[in-house]
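# Structural overview
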Amino acid sequence: MAVARLTRTAPPSRQPETPSNLSDEIELYQRTYSTLLRSSGETRIRVLEPSHMAIGSSLHPLAASDELDLGAFLYAVRRLPDAVVRTSIVVMGQDAALFARAGVGPLEHWQAVEAPARRRRWYDSGEDVLAVLLASESDVDDLIPTLVAFQIEWNKIHGRTLAVGWPLDEPLTPEAMAAALGGAPDDWTRLEQAWGEAFEERMAFIAERAKSMRVRMLGGTQVGYQRMTRRWWAPVRGALVRHELHDAPLYFASSNTHSLANLVTGLAREREDELVAFVEQGDDEVLREELARFREGRTEGSWENFLYFVARAYFDAGGPELKRRRGEAERAAGVEHLSSRTALRVAAQVIPLARLDPARLDPRLGAVDGERLARSEAVLVNTDYPLGVAAYNLLREVAIDSADLRGVYVLGKAATLNADVGDVMISSVIHDEHSATTYWLDNAFTVDDIAPDLMFGTGLDNQRAVTVKSTFLQNRAYLDFYYREAFTVVEMEAGPYCNAVYEIADAERYPVGEAVNFSKLPIDFGIIHYASDTPYTQARTLGARGLSYYGMDSTYASSLAILRRILRLEGALS
């Protein structure tokens, strides 16, 4: 079929304010690091600092100031591995073979390390070199500004420690740090929590030396990203073949790996007594207080959501053996979990609908027709949400290999310009900054689909979302422009997914700089976002703390809506 599209033009006499007018500095910054990274050698991070400061990033508003911006520093700290504190060189590439050919590694002999708030494959040489695998060009747009922000703020703190003398003559309390070095005590508290017992050691390291990192790019080609995505899909396809579902009708969901699995397996509800005892014997005051409110009938929350949240902590605390048993129980209940070994760190789940037991399904789904469900030939492939353009590569690969793709459902987190953390936003318009194309959706979901299960937040439909290239690559003028145009949802995946859906529906590649009407598509298509923060709160909101118990409310209300939609399309739910 053909998708309706319109090239947007303006009369020559009229020159409206547009994002491109407002983001010249951002485009310059991108072009600067993109061209520098084409070199086969190393690029000093300090070369990028003037361009970074010039954009006035909403996440790093004090970049050009002598004042500390601990919010930006903490945001960067959570997106980089701990080893970055002693790193001088960061090498980026798409796969281990590129590193081997360049004489870096071998990576399998280096230590695999993690960043708390970004799913990337990092490797630590044990000395002063870090290697990182990239899943798409969005990783470059995300990682480079993060490294620059980290170095800028590190060196500001270093300068302050030289001025006051280090170490201090008093304990390093948040108040003492703020008085001696600047910044807010609350931010020093958050940094101390992020670094834990290593806080004093790392502060001494900052005081000892200025930061001067270098970066190097290996590869970074579109073919390389596509090849890596194909390797990511291979084990998922293998699982479909094992289940004889490689030609089956397929529903694709991009969400997370816990909510849909919990809704269909019933494992948490089966272990209710164990989970309650875990809360009673644990040290989480919030959960103990919520349990007491449930027993006294004083809470608006969902008992099922409470069990799901506790189950995550319970299985994590149980070690490898308990996690193994959980995996076996999930497979027996019809959910096969597949981890990724590629740069695209996106886990997947294969869920044949006919294998699901109606008695195990979350009761909030409604009355499921067991006979209809057992006759379903469809399979649900659920993945963790990818970052940025990786979403386009991922969905395109799924669509190429699927003979009967029936539905695509996206559940992701977003920053909000008009709502509150924990609210759910359902958009009817998506503007993609990568392609400069605006998509008008007939979204599969409305507020009515989530309202019955949303206890703590608010549902907002008919919203407008903008897909940005990076959290750092936006400033206040840029966001104010979108807010004036009623774009209030700021996120990173919906636009690339729309680009892929366009290619599912049309003979041409996705358009650039056009308006596209998605009112008639050959697949069912729905996008839901939950508000995790605002563009101005840096690392001080849900994005910094991780998903809280109350934050799960929006996730499960959305996941229930997605699962109900699939069951209805399969005729198993009225």
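Residues numbered from 1 in each chain as written. Predicted model: local features only at pLDDT ≥ 70, side-chain atom pairs only at ≥ 80, totals over all residues. Heavy atoms only, no water.

### Things to note about helix α6 (residues 137-164)
Here α6 spans 42 Å end to end across 28 residues, near enough to the 40 Å set by a 1.5 Å rise per residue. Counting buried residues along α6, 21 of its 28 residues qualify, which places the element largely inside the surrounding structure. Directly beyond the C-terminal end of α6, a positive phi value near 85 degrees is found at Gly 165. (Helix = DSSP H or I, 4+ residues; strand = E, 2+ residues; numbered from the N terminus. Expected span 1.5 Å × (residues − 1). Buried < 20%, exposed > 50% of the residue type's maximum accessible area, 1.4 Å probe, protein only.)

### Overview of the sheet that holds strand β2 (residues 43-44)
Neighbouring strands of a sheet are bound in pairs by backbone hydrogen bonds; such pairs are parallel or else antiparallel. With mixed pairing, 6 strands are arranged side by side in an open sheet as β2-β7-β3-β6-β5-β4. Edge strands, defined here as strands with exactly one partner in the open sheet, are β2 and β4 (111-115). Pairing between strand β5 (residues 118-124) and strand β6 (residues 129-133): 4 bridges, direction antiparallel. Considered in β6, the bridge of Arg 121 is made with Leu 133. (Pairing = 2+ DSSP bridges.)

### With respect to the packing of α6 against helix α9 (residues 199-208)
Packing of α6 against α9 leaves a shortest axis separation of 8 Å and a crossing angle of 80 degrees. Compared by their axis directions, α6 and α9 come out roughly perpendicular. Here Trp 154, Ile 157, His 158, Thr 161 and Leu 162 of α6 lie close against α9, whose contacting residues are Met 203, Phe 205, Ile 206, Ala 207 and Glu 208. (Axes fitted to C-alpha atoms, helices over the stretch in contact; angles between N-to-C directions. Parallel < 35°, antiparallel > 145°, perpendicular 65-115°, else oblique. Contact = heavy atoms within 4.5 Å.)

### Comments concerning the pairing of strand β15 (residues 459-467)
The pairing of strand β13 (residues 424-432) with β15 spans 7 bridges and is parallel. Its bridge partner lying in β15, Ser 427 is registered against Gln 463. Relative to strand β16 (residues 489-491), β15 runs parallel, the two being bridged by 3 bridges. Bridging across to β16, Val 466 finds its partner in Val 490. With helix α20 (residues 476-484) bridging β15 and its parallel neighbour β16, the resulting β-α-β unit is right-handed. (Right-handed = clockwise from strand over helix to strand, strands pointing away.)

### A word on the packing of aromatic side chains
Summed over the entire model, instances satisfying the criterion amount to 22 aromatic pairs. Look at Trp 303 and Phe 306: their rings are 5.3 Å apart centre to centre, the planes differ by 20 degrees, and that puts the pair in the stacked class. On the criterion of helical spacing, the pair formed by Trp 303 and Phe 306 is a turn pair, its members being 3 residues apart in helix α15 (residues 303-317). By relative accessible area, Phe 306 is classed as buried at 1%. (Phe/Tyr/Trp six-rings, centres within 6.5 Å; stacked < 30°, edge-to-face > 60°.)

### Points about the environment of Ala 194
Position of Ala 194 relative to the elements: it lies in helix α8 (residues 185-195). Spatially, the C-alpha atom of Ala 194 lies 24 Å from that of Tyr 385, the residues being 191 residues apart in sequence.

### Side note on the side chain of Thr 43
On the secondary structure map, Thr 43 appears in strand β2. Once residues within four sequence positions are removed from consideration, Thr 43 is found in contact with Leu 36, Met 213, Arg 214 and Val 215.

### Some thoughts on the environment of Leu 107
Along the chain, the position of Leu 107 falls in the loop between α5 (96-101) and β4. Considered as a pair, Leu 107 and Tyr 33 are 74 residues apart in the sequence and their alpha carbons are 25 Å apart. Apart from the residues within four sequence positions on either side, Leu 107 is in contact with Ala 96, Phe 99, Tyr 123, Ala 131 and Leu 133.

### A few points about the pairing of strand β8 (residues 250-255)
With respect to burial, β8 is a largely interior element, 6 of its 6 residues being buried. Across the two faces of β8 the burial is the same, with Leu 250, Phe 252 and Ser 254 and Tyr 251, Ala 253 and Ser 255 all buried.

### Examining the pattern of salt bridges
Per the stated rule, a full pass over the model turns up 31 salt bridges. Note that Arg 242 is salt-bridged to Glu 336, the shortest N-O span being 2.4 Å. Within this pair, whereas Arg 242 is found in helix α10 (residues 222-242), its partner Glu 336 is found in strand β9 (residues 336-338), the two being separated by 94 residues in sequence. Measuring nitrogen to oxygen at the nearest pair gives 2.4 Å for the salt bridge that ties Arg 324 to Glu 321. Residue Arg 324 and its partner Glu 321 are located together in helix α16 (residues 319-332), separated by 3 residues, close to a single helical turn. Given the relative accessible area of 40%, Arg 324 is considered partly exposed. Three or more residues joined by partner-sharing salt bridges are found here, namely Arg 118, Arg 120, Asp 139 and Asp 142. (Salt bridge = Lys/Arg side-chain N within 4 Å of Asp/Glu carboxyl O.)

### Re a nonpolar patch on the surface
A cluster of nonpolar residues, Val 286, Met 455, Phe 456 and Tyr 550, forms a patch on the protein surface that exposes about 320 Å² of accessible area. By the element assignment, Tyr 550 lies in the loop between α22 (542-545) and α23 (552-569). (Patch = residues over 30% accessible without salt bridge, like charges linked within 9 Å, V, L, I, M, F, W, Y side chains within 5 Å. Areas by Shrake-Rupley, 256 points an atom, 1.4 Å probe, with all protein chains shown as cover.)

### Looking at the environment of Thr 467
Tracing the chain through its elements places Thr 467 in strand β15. Its relative accessible area of 0% is what places Thr 467 among the buried residues. In sequence terms Thr 467 and Glu 208 are 259 residues apart; their C-alpha atoms lie 40 Å from each other. Residues contacting Thr 467, with those up to four places away along its chain left out, are Ile 430, His 431, Asp 432, Glu 433, His 434, Glu 491, Met 492, Glu 493, Ala 494, Gly 495 and Pro 496. At 2.4 Å, the side chain of Thr 467 forms a polar contact with the side chain of Glu 491. (Polar contact = N/O pair within 3.5 Å; in protein donor to acceptor, adjacent residues only side chain to side chain.)

### Overview of the packing of α15 against α16
With their axes 6 Å apart at the nearest point, α15 and α16 run at an angle of 130 degrees to one another. Our classification of the angle between α15 and α16 gives oblique. When α15 is examined against α16, the residues Ala 311, Arg 312, Tyr 314, Phe 315, Asp 316 and Ala 317 are found in contact with a partner set consisting of Gly 319, Leu 322, Lys 323 and Arg 326. Of the residues that constitute the contact of α15 with α16, the class distribution is 5 nonpolar, 1 polar and 4 charged. (Nonpolar A, V, L, I, M, F, W, Y, C, P; charged D, E, K, R; others polar.)

### Things to note about α15
Between the first and last C-alpha of α15 there are 21 Å, a value that for 15 residues agrees with the 21 Å anticipated at 1.5 Å per step. Every buried residue belonging to α15 is among Glu 304, Asn 305, Phe 306, Leu 307, Tyr 308, Phe 309, Val 310, Ala 311, Tyr 314 and Phe 315, and all of these are buried. The elements touched by buried residues of α15 are α11 (259-265), α12 (267-270), α13 (272-281), α14 (285-296), α16 and α23. At the exit of α15 stands Gly 319, carrying a positive phi of roughly 80 degrees.

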